[in-house]
Amino acid sequence: MHYQLAYNLCKSYANQLEIGEGYFLLNPIIAVTITDFLMFKENQKVINRFVYKEETDNFVYKGAELKFVFLELPKFNKKLEELESLADKWIYFLKETAKLEIIPEPLGEVPEIKRALNIANQANFNRQELDSFERRAIML
């Protein structure tokens, strides 16, 4: 799996340029991987970030244009009333989306989460529910 992640990160980085374009046009790339399994058993952090560092002295490479971010959902155990940060709210949403029919108040404070829940709910519509939803949207 890690080979595929590295390949996809590098491919996304390289695909920003057309033949003959200057390297200065490249933008940094961050590969975000969300897992529903434990990937790094050596720590309890929910989010792990990786950048290029010097192997012995551990200083960051100045041109750190490529980064990996891993979010391990099984390590996130906060309850709704314990959510503090925006990241907490998004992680809770990602982990609990399948169980949410309505948006709880702490999550409703973030308009993007409300929109994401509506999209997730639409994805679960059967054909008749989707047709009904689309007709209401057209009417509005």
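Residues numbered from 1 in each chain as written. Predicted model: local features only at pLDDT ≥ 70, side-chain atom pairs only at ≥ 80, totals over all residues. Heavy atoms only, no water.

## What about the overall build of the protein chain?
Put simply, the test is: For helices the rule is a DSSP run of H or I covering at least 4 residues; for strands it is a run of E covering at least 2, with both sets numbered from the N terminus onward. Three exposure classes are used, based on accessible area relative to the maximum for each residue type with a 1.4 Å probe and protein chains only: buried under 20%, partly exposed in between, and exposed over 50%. Residues are treated as being in contact if the distance between any of their heavy atoms lies within 4.5 Å.
Helices and strands together make up the secondary structure of the protein chain, namely five helices and three strands. Counted from the first residue to the last, the protein chain has its helices and strands arranged as α-β-β-β-α-α-α-α. Within the protein chain, buried positions represent 26% of all 140 residues. Taking all contacts inside the protein chain whose residues are at least 6 apart in sequence as the whole, residues at least 24 apart take part in 44%.

## Notes on a nonpolar patch on the surface
Spelled out, the test is: A patch consists of residues whose relative accessible area exceeds 30% and which take part in no salt bridge; residues with like charges are grouped when within 9 Å of each other, and nonpolar side chains (Val, Leu, Ile, Met, Phe, Trp, Tyr) when within 5 Å. The method behind every accessible area is Shrake-Rupley, applied with a 1.4 Å probe, and residues are considered shielded solely by the protein chains displayed. Counted as salt bridges are all cases of a side-chain nitrogen of Lys or Arg within 4 Å of a carboxyl oxygen of Asp or Glu.
Together, Ile 30, Val 32, Ile 34 and Leu 94 make up an exposed nonpolar region whose accessible area comes to about 360 Å². It is strand β1 (residues 29-35) that contributes the most residues to the nonpolar patch, three residues altogether. Considering the arrangement of structural elements, one finds Val 32 in strand β1.

## Overview of the packing of aromatic side chains
Note the threshold: Pairing of aromatic rings covers Phe, Tyr and the six-membered ring of Trp, with a centre-to-centre limit of 6.5 Å; geometry is then stacked below 30 degrees between planes, edge-to-face above 60, and tilted otherwise.
This model, assessed by the stated rule, comprises five aromatic pairs. Residues Phe 40 and Phe 70 carry aromatic rings whose centres are separated by 5.2 Å and whose planes lie at 75° to one another, so their mutual orientation is edge-to-face. Residue Phe 40 is located in the loop between β1 and β2 (47-50), and its partner Phe 70 is located in strand β3 (residues 66-72); the two are separated by 30 residues in the primary sequence. Ring centres of Trp 90 and Phe 93 lie 5.8 Å apart, and the angle between their planes is 90°; on these two criteria the pair is classed as edge-to-face. Separated by three residues within a single helix, Trp 90 and Phe 93 lie in helix α2 (residues 86-96), roughly one turn from each other. Residue class for Trp 90 comes out partly exposed when judged on its relative accessible area of 27%. Taken together through their ring pairs, the aromatic side chains of Phe 40, Phe 50, Phe 68 and Phe 70 make up a single cluster.

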